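# A look at the structure
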Amino acid sequence: MTTGTVTLAPLRHADVPRCHEIELQLFPGEDPWSENAFHSELDNGNYYIGAYAGDELIGYAGLAASEHEASVHTIAVIKHWQGRGVGKKLLNDLLARVDEIGVPVYLEVRTDNEPAIAMYLAHGFEHLGVRRRYYQPSGADAYTMGRPAHSV
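The notes below deal with the structure included here. (Residues numbered from 1 in each chain as written. Predicted model: local features only at pLDDT ≥ 70, side-chain atom pairs only at ≥ 80, totals over all residues. Heavy atoms only, no water.)

Attention now moves to the overall build of the chain. For the chain, the count of helices and strands is four helices and eight strands. Starting at the N terminus and ending at the C terminus, the chain contains elements arranged as β-β-α-α-β-β-β-α-β-α-β-β. The C-alpha radius of gyration of the chain comes to 15 Å, within 12% of the 15 Å expected for a compact globule of 152 residues. Burial status across the chain gives 43% buried among its 152 residues. In the chain, of all internal contacts separated by at least 6 residues, the share reaching a separation of at least 24 is 60%. As displayed, the chain has an accessible area near 8000 Å², and 49% of this comes from carbon and sulfur atoms. Seen as two clouds, the 12 positive and the 20 negative side-chain charges of the chain have centres 6 Å apart. (Helix = DSSP H or I, 4+ residues; strand = E, 2+ residues; numbered from the N terminus. Rg over C-alpha atoms; globule rule 2.2 N^0.38 Å. Buried < 20%, exposed > 50% of the residue type's maximum accessible area, 1.4 Å probe, protein only. Contact = heavy atoms within 4.5 Å. Areas by Shrake-Rupley, 256 points an atom, 1.4 Å probe, with all protein chains shown as cover. Lys, Arg positive; Asp, Glu negative; His and termini not counted. Charge placed at Lys NZ, Arg CZ, Asp CG, Glu CD.)

Below is the structure:
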């Protein structure tokens, strides 16, 4: 799928060092995902998609799904591409995958991440609860959000 200069394609093991670099940039003061964590997600067959501007990985998103439910594990877009629809494109791709299975989908998001929360609400997610001190080591809270099953 191409949108302007951004193309979505399956995330590859070769992208993992860049993913970790993006984690370090976007989530200072937190415990960012390690390269091993990304490799493990890919090796376990979870669905990961990359957003590329030319050859540059500018964002990624990941999803784990079963026959009963799905969980968005991550969505990240580098700062100078934020607010340009890349996160929305990544989320739409994940939700299309979930809708093929026809299961509900859940995620956690920082309670102070207003742009992400607005995006999730606009895509049919609802607030389900709060996980206190979810993000470490900062201790930031997270909303648990969910979207009921849709089918294609």
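There is more to say after this.
Turning to the layout of surface pockets, a few remarks are in order. The volume enclosed by the largest pocket comes to roughly 1200 Å³. Surrounding the largest pocket, 38 residues form its lining, Phe 27, Ile 75, Ala 76, Asn 113 and Ala 116 being those nearest its centre. The set of elements that each furnish at least two residues to the lining of the largest pocket consists of helix 1 (16-26), strand 5 (70-77), helix 3 (86-101), strand 6 (105-110) and helix 4 (114-122). Per-element accounting of the lining of the largest pocket gives the leading share, seven residues, to strand 5. Partitioned by chemical class, the residues of the lining of the largest pocket number 20 nonpolar, nine polar and nine charged. (1 Å grid on protein atoms, 1.4 Å probe; cavity = no way out; pocket = protein on both sides within 12 Å on 5 of 7 lines; lining within 4 Å. Points joined across faces, edges and corners; volume = space filled by probe spheres on them. Nonpolar A, V, L, I, M, F, W, Y, C, P; charged D, E, K, R; others polar.)

The next thing to look at is helix 1. Residues Val 16, Arg 18, Cys 19, His 20, Ile 22, Glu 23 and Leu 26 constitute the buried set of helix 1. Where the residues of helix 1 are buried, they touch helix 2 (35-43), strand 4 (56-65) and strand 5.

Note that every value here comes from positions in space, so none of it alone points to a role or purpose.
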